[in-house]
Amino acid sequence: MPSLAREERSTLDRWAPWGLGVALALLMWAPVLGRGYVLAYDMVFVPHPALDSRSLGVEGGVPRAVPGDFLVAAATHVVPGWLLQQLLLVGLVVLGCVGAWRMSPARTVPAAGATAVLWTWNPYVAERLAMGHWSLLVGYAVLPWLVVACGRVAARGPWRAVLLCGLGAAAAPTAGVLTAGVALAAAVVVRQTAGSRLVLSAGAIVVNLPWVLAGWASAGLLADSRAGTEIFAARADTPLGGLVSLLTFGGVWNSDVWPQARSSAFSGASSLVLVTIGVLGLVVRLRRGSRIALVVATVAVVGLALALPTLSEPGRDAFAAATEQVPALGLVRDSQKWLAWWALAVAYGLGPGLELLLRPLASWNRLFVSLAAALLAVVALPDLAWGVGGQLRGSDWPTEYTAAARVVEAAPRDRGAVLVLPFHTFRAWPWAHDHTVLDPWSRLVGRRVVVNDDLETRGGVVPGEDPLAASVRRLRVRDGTLDAQGLRALGIGVVVVDRATVRVPGDATGVTGYAGVLHQGSLLTVLDLGPVTGPTSDERHEWLLAVDAAVALLLGVVAALAVVGRVRRRGDPPLLGFDEEP
C-alpha cells in the first residue's frame, strides 16, 4: 500500500483539503445556493444596504457588527447581496476545513482529514449557523490558519498573523477577540524576537480598535441586567448533561436552534469519544514540548473557564456582578461562544491522538479507522447537512421593501429618525418561511432607525441599550396606536408599519395625528409625521472611527505587503504544510 505520510504525499496533502472543504460546503449549503437570501435570527442580508454611521457603530446601542456591517454594505455595491452572502457561507466552511487540515500536526493524510472534518462539522458550527452568527464563524474559520501563522513567526515574521487577526476583527467583535486571544497567547509563548513579539501583540489589539472605539462611544456599555446573564447562560443540549454538552462544543443558550440529533445520547457520546482522542493528542504534543500546543491549550482553558461557570447558579452570580461593574464585559455573557478556543485545542490534538492509538495497526487499518473517525463526526450530527436540517432556506426580498426604503431615504432631513412598528427587535414573515429574523430597516436605509432593542426570549427579556428606544417604550399605546406629537418630540418623524410580520397583543401598529402617507402597499405603510420638535441626532464620534479606521487600514496594508513580499522572496505559497515543531 502507498505511504500515507504527508511528507511523502505532498500533492495529496496540498489539494485534498480543498476538495474535502468543497464537499462539506456543498453538503451543508446545496439547498440554498442560488435561491435568494438566507434569513435567520442575526443573519440579515438585504438588497442595497445603506452605508451610514450606523454601520460604523456610532448610533443607538452597543455596536455588535462593527466593522462587518460596513464592509458588507460596501461589498454589495460591487457584488449582489445574495451572492455575497452565499460566497461567505461557502467560504467559511471551505477555509475552515483547509485551515484545520494545515494546522493539524498529524503525520498522516487520513488523520489530518479527520481533524478538518471535526473542526468543520460539529455542534458549535451547527448552532451558531442556525442563530445566524456567520460573522462569528468567520473568526472561527480563521483560527486554525492563525495557529499555523503563529507557529511560524520566528521564521516568517508576525505580519501574516496580524493580517489574520484583522480578518477576524473585520467580521465582528467576538471574532476579533477570538483571534486576538490566540495571537496574544502566541506572543507570550512562541519563541520569537522582541520586535516580532511587540508587532504581534500590538497588531492584534490595533486591528480591533474599530469596534472598541465604537463601543466606547456607545451610550450603553454596562450590561446591568441579571436577566441577560441568566438567559445567555450555557445549557445542556444533550441528555448527558451540561458538562458533556459544553465539552462536545454544544450548549448554546437558545434551545430553538439545538440540532435534533443532540437529543440522543448517541450523538453526545460519539462526540465525546472524538473529544477524548483530541485531548489525548494535545497532551502528547504538550509532553513533546510543542509551544503551539501550549498556545491552543492556554486559550482552551480560558474558553472553558468562561463557559462552564454559567452552568451553575454561583457562576451566573459572578458573571452578573462582573458585567454590572466592568464596561463592555457584556460581550462575554453568551459564554458558550468562547468554546471556539476549546474546539481549536481538541481539533489540534485529534490527529496525533488518532495516530497514537492506531500505531499498532497496519496501514490499511489505520486508514479505515481514521476515515471512521471523520465519518463519526458527521454521523453524530446529521442535522448540519442540507441547510442545517432544513432550518436555513433561501428567500427573495419583496420588491416593496426596496421601494419603501427609497421613499424613506427621500424624506426631508427635518423628519429625523425612523420608527419601525410593530416595536420588536425581530420579525417573522410568511414570505421568509416564518423564520425569526432581526429587523432589517437599519440596513435598508441610511437614517437613524429605532426598533425595540429589548431582546425578547422564551426565558425572559434582556433590556436593550438604546436610550431612544427606551424613550419610545415609555410612550403610551392607545388602541394600538402611538401619538405623532410624542414621537416628534423624541426626534422621530417617519414611521414604517410592517403589516406582514407577526404581531402580539398590545403592539402599536399605527400612529394618530400623522401628516401624510409616503407609501401604501400590501406589506408596508410609511407615514410622515411632519418636522420633528426634538433632537435630530445623537452625539457622534465619527472622528474617532475615522482615525482608527485609517490606522487599522494602514496596518492591514502593511501586513498584506509584508506577507506578499515574503512569499515572493521565498517562492512558496502561504500557510501550507503541518506543524513544523517537534
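In case you missed it, the structure is sitting above this.
Everything in this summary refers to the structure shown in the same document.

## Here we look at the overall build of the protein chain
Phase 1 of the analysis: A tally of regular secondary structure across the protein chain gives 24 helices and 13 strands.
Phase 2 of the analysis: Per-residue burial for the protein chain yields a buried fraction of 58% across its 582 residues.
Phase 3 of the analysis: Partitioning the intrachain contacts of the protein chain with sequence separation of at least 6 by distance along the chain shows that 79% fall at a separation of at least 24.

## Concerning the nonpolar core
Phase 1 of the analysis: In terms of nonpolar packing, the biggest core is built from 143 residues, with Leu129, Val182, Leu384, Tyr401 and Trp441 touching the most fellow members.
Phase 2 of the analysis: Element by element, the count of residues in this core is highest for helix α6 (residues 134-151), at 14 residues.
Phase 3 of the analysis: Excluding anything up to four places from it in sequence, leucine 384 contacts Met28, Thr120, Trp121, Asn122, Val125, Ala126, Leu129 and Gly389.

## What about a nonpolar patch on the surface?
Phase 1 of the analysis: Judged by side-chain polarity, Trp15, Trp18 and Leu95 come together as a nonpolar surface patch covering roughly 330 Å² of accessible area.
Phase 2 of the analysis: Looking at the secondary structure, you find leucine 95 in helix α3 (residues 81-103).
Phase 3 of the analysis: Classification of leucine 95 by relative accessible area gives partly exposed; the value is 41%.

## As for the sheet that holds strand β10 (residues 492-498)
Phase 1 of the analysis: The five strands lie next to each other as β6-β3-β10-β13-β12, forming an open sheet whose pairing is mixed. The open sheet has two free edges, formed respectively by β6 (449-450) and β12 (516-520), since each of these has just one partner strand.
Phase 2 of the analysis: Sheet topology note: the strand β3 (residues 417-421)/β10 ladder contains five bridges and is parallel. From the neighbouring strand, leucine 419 faces β10, where its bridge partner is valine 495.
Phase 3 of the analysis: Seen against the sheet, helix α20 (residues 399-410) touches β3, β10, β12 and β13 (524-528) and runs at an angle of roughly 5 degrees to β13.

## What to know about the environment of aspartate 414
Phase 1 of the analysis: Topologically, aspartate 414 is positioned in the loop between α20 and β3.
Phase 2 of the analysis: When its relative accessible area of 37% is taken as the criterion, aspartate 414 is described as partly exposed.
Phase 3 of the analysis: For the pair aspartate 414 and isoleucine 492, spaced 78 residues apart in sequence, the C-alpha separation works out to 9.4 Å.
Phase 4 of the analysis: Filtering out sequence-adjacent residues up to four positions away, aspartate 414 remains in contact with Pro531 and Val532.

## Considering the packing of aromatic side chains
Phase 1 of the analysis: Enumeration over the complete set of coordinates arrives at 13 aromatic pairs.
Phase 2 of the analysis: Ring geometry for tyrosine 41 and phenylalanine 426: centres 6.3 Å apart, planes at 70 degrees, overall edge-to-face. Residue tyrosine 41 is found in the loop between β1 (37-38) and α2 (68-75), and its partner phenylalanine 426 is found in strand β4 (residues 426-427); the two are separated by 385 residues along the sequence.
Phase 3 of the analysis: Here tyrosine 41 falls in the buried class, since its relative accessible area comes to 18%.
Phase 4 of the analysis: Note on tyrosine 401 and tryptophan 429: the rings are 6.0 Å apart at their centroids and 75 degrees apart in plane angle, and the pair reads as edge-to-face. You can see tyrosine 401 sitting in helix α20 and its partner tryptophan 429 sitting in the loop between β4 and β5 (437-438), a full 28 residues away along the chain.
Phase 5 of the analysis: Here the aromatic residues Trp397, Tyr401, Trp429, Trp431 and Trp441 are joined through ring pairs into a cluster of three or more.
Phase 6 of the analysis: Between arginine 128 and the ring centre of tyrosine 124, over which it is positioned, the NZ or CZ distance is 5.9 Å.

## Some thoughts on the side chain of glutamate 400
Phase 1 of the analysis: Tracing the chain through its elements places glutamate 400 in helix α20.
Phase 2 of the analysis: Although glutamate 400 is buried, it makes no salt bridge; arginine 499 carries the closest opposite charge, 5.5 Å away.
Phase 3 of the analysis: There is a polar contact of 3.0 Å between the side chain of glutamate 400 and the side chain of histidine 519.
Phase 4 of the analysis: At 2.9 Å, the side chain of glutamate 400 forms a polar contact with the backbone nitrogen of leucine 524.
Phase 5 of the analysis: Residues in contact with glutamate 400, not counting those within four places in the same chain, are His519, Gly521, Ser522, Leu523 and Leu524.

## Side note on the environment of alanine 112
Phase 1 of the analysis: With respect to the helices and strands, the residue alanine 112 is situated in helix α4 (residues 109-120).
Phase 2 of the analysis: In this structure, the C-alpha to C-alpha distance between alanine 112 and alanine 100, residues 12 residues apart in sequence, is 7.9 Å.
Phase 3 of the analysis: Among residues more than four places away in sequence, those in contact with alanine 112 are Arg6, Trp101, Ser104 and Ala106.

## Regarding the pairing of β13
Phase 1 of the analysis: Burial analysis of β13 places five of its five residues in the buried class, which makes it a mostly covered element.
Phase 2 of the analysis: In β13, alternate side chains face the same way, and those of Leu524, Val526 and Asp528 on one face and Thr525 and Leu527 on the other are all buried.
Phase 3 of the analysis: When β10 meets β13, the two strands line up antiparallel, connected through five bridges. Residue pairing across strands places aspartate 498 opposite leucine 524, the latter belonging to β13.
Phase 4 of the analysis: Where β12 and β13 come together, four bridges link them in antiparallel fashion. Along β13, the bridge assignment pairs valine 517 with leucine 527.

## Considering unusual backbone geometry
Phase 1 of the analysis: Here the bond from leucine 421 into proline 422 is cis, since omega is -5 degrees, no more than 30 degrees from zero.
Phase 2 of the analysis: Checked against the element boundaries, proline 422 lands in the loop between β3 and β4.
Phase 3 of the analysis: In this structure, valine 388 is a non-glycine residue whose phi angle is positive, near 50 degrees.
Phase 4 of the analysis: Inspection of the secondary structure puts valine 388 in helix α19 (residues 385-390).
Phase 5 of the analysis: Phi is positive for aspartate 479, close to 55 degrees, though the residue is something other than glycine.

The rules behind these values
Residues numbered from 1 in each chain as written. Predicted model: local features only at pLDDT ≥ 70, side-chain atom pairs only at ≥ 80, totals over all residues. Heavy atoms only, no water. Helix = DSSP H or I, 4+ residues; strand = E, 2+ residues; numbered from the N terminus. Buried < 20%, exposed > 50% of the residue type's maximum accessible area, 1.4 Å probe, protein only. Contact = heavy atoms within 4.5 Å. Core = buried A, V, L, I, M, F, W, Y, C linked by side-chain atoms within 4.5 Å. Patch = residues over 30% accessible without salt bridge, like charges linked within 9 Å, V, L, I, M, F, W, Y side chains within 5 Å. Areas by Shrake-Rupley, 256 points an atom, 1.4 Å probe, with all protein chains shown as cover. Salt bridge = Lys/Arg side-chain N within 4 Å of Asp/Glu carboxyl O. Pairing = 2+ DSSP bridges. Axes fitted to C-alpha atoms, helices over the stretch in contact; angles between N-to-C directions. Phe/Tyr/Trp six-rings, centres within 6.5 Å; stacked < 30°, edge-to-face > 60°. Lys NZ or Arg CZ within 6 Å of the ring centre and 35° of its normal. Lys, Arg positive; Asp, Glu negative; His and termini not counted. Polar contact = N/O pair within 3.5 Å; in protein donor to acceptor, adjacent residues only side chain to side chain.

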